[in-house]
Amino acid sequence: MSVFVGVDIAAKTFDLVNRKGGKASKVESFSQSPQGHAKAIKRLHNLKPTLITMEATGIYYFDLAVALVQAGLPVAVINPKSFHHFAKLKLAGSKTDGVDAALLAEYGERIEPSLWTPPDEVRLALRDIGRQINRLTGTRTQAKNRLHALQAKNSTRSLLVEDEQEGIAYLDRRIERLSQAALALIAECETLSRYLTHMCAAKGVGKASALIVLAELCVLPSSLKAPQVSRFAGLDVRLTQSGSSVNRPARLSKAGNAYLRAALYMPAMSAIQHDPRVKAFYDALVSRGKKKIQALCAVMRKYLTGLWACIQTETAFDSAMLFSEEHLKA
């Protein structure tokens, strides 16, 4: 008889429930530690599960998922939003760790999600560095905005301006140090080096932007199609149309990777200015009544497709493959 296991993740512990013959077992709790992982692996080997299902909850699931895969166990890591909708469909009124673990086991049995494959250490390290660069870049942008506001007032003391400038300079140094570390990691891998070179062929995509995009894309399964990558980034369009009373305008889901969206914003803006094909595509959307931000997001989605193709096909970015010549003629 097939056994399906659900694992509910928390910061310090995780709960395990196995499901066999449509019935869930009692909850078993383990600590989020190497010792707790070892005990859970021993227990799971005894159960011989068909599938172990867990959510991609922050960073807490990752070490456990890697340990289970290395122990030869079948693991599926699912999107928390997908599980949330499944729980609502099951009309699960209570929300406890044990209930969630049992529902995860049932999710694995009924939905049959694909197995999870962990990326290698270099790619994981690159992703972590890229995300830190992304966070620091956002902090630096906020600091620059504060500096602009301070300089716009005649009454601002010079001490405040100097303090903000020092903070920005410090952030510049941190970002540069991390960028050099990321480039050194990429240089260790010929494949990642080729990906970076291919991405930098896109107008508007410099090394800084390509580095952050590559850091996020390099850990994704190579089997993903372009629409799936768009959904991963939250750049897919969500329609809300039901019956005669609900017919809302389409909008971006934004239920995805915010790091990718942030990294693609400025390259898309630059491409609109410097690539004739991109500008023609953007102008065509605006002329059809799309808002400028909607047209910009469409360019971001196209660019993401092209950058993913750089990884899939190992060829340089080519806007001619993404943007129709018909827009240029118009």
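This text goes with the structure placed above it.
Keep in mind it's a predicted model, so treat the numbers as computed, not measured.

Reading the values: the criteria
- Residues numbered from 1 in each chain as written.
- Predicted model: local features only at pLDDT ≥ 70, side-chain atom pairs only at ≥ 80, totals over all residues.
- Heavy atoms only, no water.
- Core = buried A, V, L, I, M, F, W, Y, C linked by side-chain atoms within 4.5 Å.
- Buried < 20%, exposed > 50% of the residue type's maximum accessible area, 1.4 Å probe, protein only.
- Helix = DSSP H or I, 4+ residues; strand = E, 2+ residues; numbered from the N terminus.
- Contact = heavy atoms within 4.5 Å.
- Phe/Tyr/Trp six-rings, centres within 6.5 Å; stacked < 30°, edge-to-face > 60°.
- Lys NZ or Arg CZ within 6 Å of the ring centre and 35° of its normal.
- Arc of directions from axis to C-beta.
- Axes fitted to C-alpha atoms, helices over the stretch in contact; angles between N-to-C directions.
- Left-handed = near helix turned anticlockwise from the far one by under 90°.
- Pairing = 2+ DSSP bridges.
- Polar contact = N/O pair within 3.5 Å; in protein donor to acceptor, adjacent residues only side chain to side chain.
- Patch = residues over 30% accessible without salt bridge, like charges linked within 9 Å, V, L, I, M, F, W, Y side chains within 5 Å.
- Areas by Shrake-Rupley, 256 points an atom, 1.4 Å probe, with all protein chains shown as cover.
- Salt bridge = Lys/Arg side-chain N within 4 Å of Asp/Glu carboxyl O.
- Parallel < 35°, antiparallel > 145°, perpendicular 65-115°, else oblique.
- Nonpolar A, V, L, I, M, F, W, Y, C, P; charged D, E, K, R; others polar.

Asker: Sorry if this is basic, but what is going on with the nonpolar core here?
Answerer: Nonpolar side chains in soluble globular proteins generally cluster together in the buried interior. Counting 80 residues, the largest nonpolar core has Met54, Leu68, Leu126, Met199, Leu214, Leu217 and Tyr303 as its most contacted members. In terms of residues, this core owes the most to one element, helix 12 (residues 292–313), which gives twelve residues. Those residues within four positions of Tyr303 in sequence are excluded, and the remaining contacts are Ala202, Lys203, Val205, Pro267, Ala271, Val278, Phe317 and Phe323.

Asker: For this particular structure, what's the right way to read the packing of aromatic side chains?
Answerer: Aromatic rings considered in pairs are described by the distance between their centres and by the relative angle of their planes. One pass over the full model with this rule turns up nine aromatic pairs. A ring pair is formed by Phe83 and Tyr107, whose centres lie 6.4 Å apart and whose planes are at 70 degrees; its orientation type is edge-to-face. With Phe83 in helix 3 (residues 80–89) and Tyr107 in helix 4 (residues 97–111), this residue pair connects regions lying 24 residues apart in the sequence. The same class applies to Phe83 and to Tyr107, which are both buried. Ring geometry for Phe281 versus Phe323: centroids 5.2 Å apart, planes at 65 degrees, classification edge-to-face. Note that Phe281 is positioned in helix 11 (residues 276–287) and Phe323 in the loop between helix 12 and helix 13 (325–329), a separation of 42 residues in sequence. When sorted by exposure, Phe281 lands in the same class as Phe323, which is buried. One aromatic cluster is present, formed by Phe281, Tyr303, Phe317 and Phe323 through successive ring pairs. Positioned over the ring face of Phe62 is Arg127, at 5.7 Å from the centre of the ring. Over the aromatic face of Phe323 sits the side chain of Lys302, whose NZ or CZ is 5.8 Å from the ring centroid.

Asker: Would you mind showing me how to read helix 7 (residues 190–199) here?
Answerer: Two residues of an α-helix separated by three or four positions point the same way, owing to the 3.6 residues in each turn. Looking only at helix 7, the buried set comprises Leu192, Tyr195, Leu196, His198 and Met199. Down the axis of helix 7, the buried set is contained in an arc of 165 degrees. They therefore lie on one face. Opposite the buried face of helix 7, by more than 90 degrees, sit the exposed residues Glu190 and Thr197. Elements that come into contact with the buried residues of helix 7 comprise helix 5 (121–151), helix 6 (158–187), helix 8 (207–217) and helix 12.

Asker: What am I meant to see in the packing of helix 7 against helix 12 here?
Answerer: For any two helices packed against each other, one specifies the crossing angle of their axes together with the interaxial distance. One way to put it is that helix 7 packs onto helix 12 with a least axis distance of 9 Å and a crossing angle of 145 degrees. By crossing handedness, the relation of helix 7 to helix 12 is classed as right-handed. Touching Tyr195, His198 and Met199 of helix 7 are Leu307, Cys310 and Ile311, all from helix 12.

Asker: Looking at this model, I keep getting lost on the pairing of strand 6 (residues 75–78). Mind explaining?
Answerer: Working note: regular strand, side chains alternate between the two faces of the sheet. Alternating residues of strand 6 divide into Val75 and Val77 and Ala76 and Ile78, and every residue in both groups is buried. Note that strand 5 (residues 51–55) and strand 6 share four bridges and pair parallel. Bridging from a neighbouring strand, Glu55 pairs with Ile78 of strand 6.

Asker: Could you clarify how one ought to interpret the side chain of Asp15 in this entry?
Answerer: Structurally, Asp15 can be placed in strand 2 (residues 13–20). Judged by relative accessible area, which is 8%, Asp15 ranks as buried. A distance of 2.5 Å separates polar atoms of two side chains, one belonging to Asp15 and the other to Ser29.

Asker: I'm lost on a nonpolar patch on the surface in this one. Help?
Answerer: Together, Tyr265, Met266, Met269 and Ile293 line one region of the surface with nonpolar side chains, adding up to about 370 Å² of accessible area. Per-element tally for the nonpolar patch: the top contributor is helix 10 (residues 258–274), with three residues.

Asker: Help me understand the side chain of Glu55, please; the structure alone is not making it clear to me.
Answerer: Note on placement: Glu55 falls in strand 5. Apart from the residues within four sequence positions on either side, Glu55 is in contact with Val7, Asp8, Ile9, Tyr61, Val77, Ile78, Pro80, Phe83 and Leu104.

Asker: What is the right way to read the packing of helix 7 against helix 8 from this model?
Answerer: Contact geometry of helix 7 with helix 8 gives a least axis separation of 9 Å together with a crossing angle of 130 degrees. Relative to helix 8, the element helix 7 is oriented oblique. Seen from above, helix 7 lies across helix 8 with right-handed handedness. On helix 8, the residues touching Leu192, Tyr195, Leu196 and Met199 of helix 7 are Lys207, Ala210, Leu211, Val213, Leu214 and Leu217. Considered class by class, the residues forming the contact of helix 7 with helix 8 number nine nonpolar, no polar and one charged.

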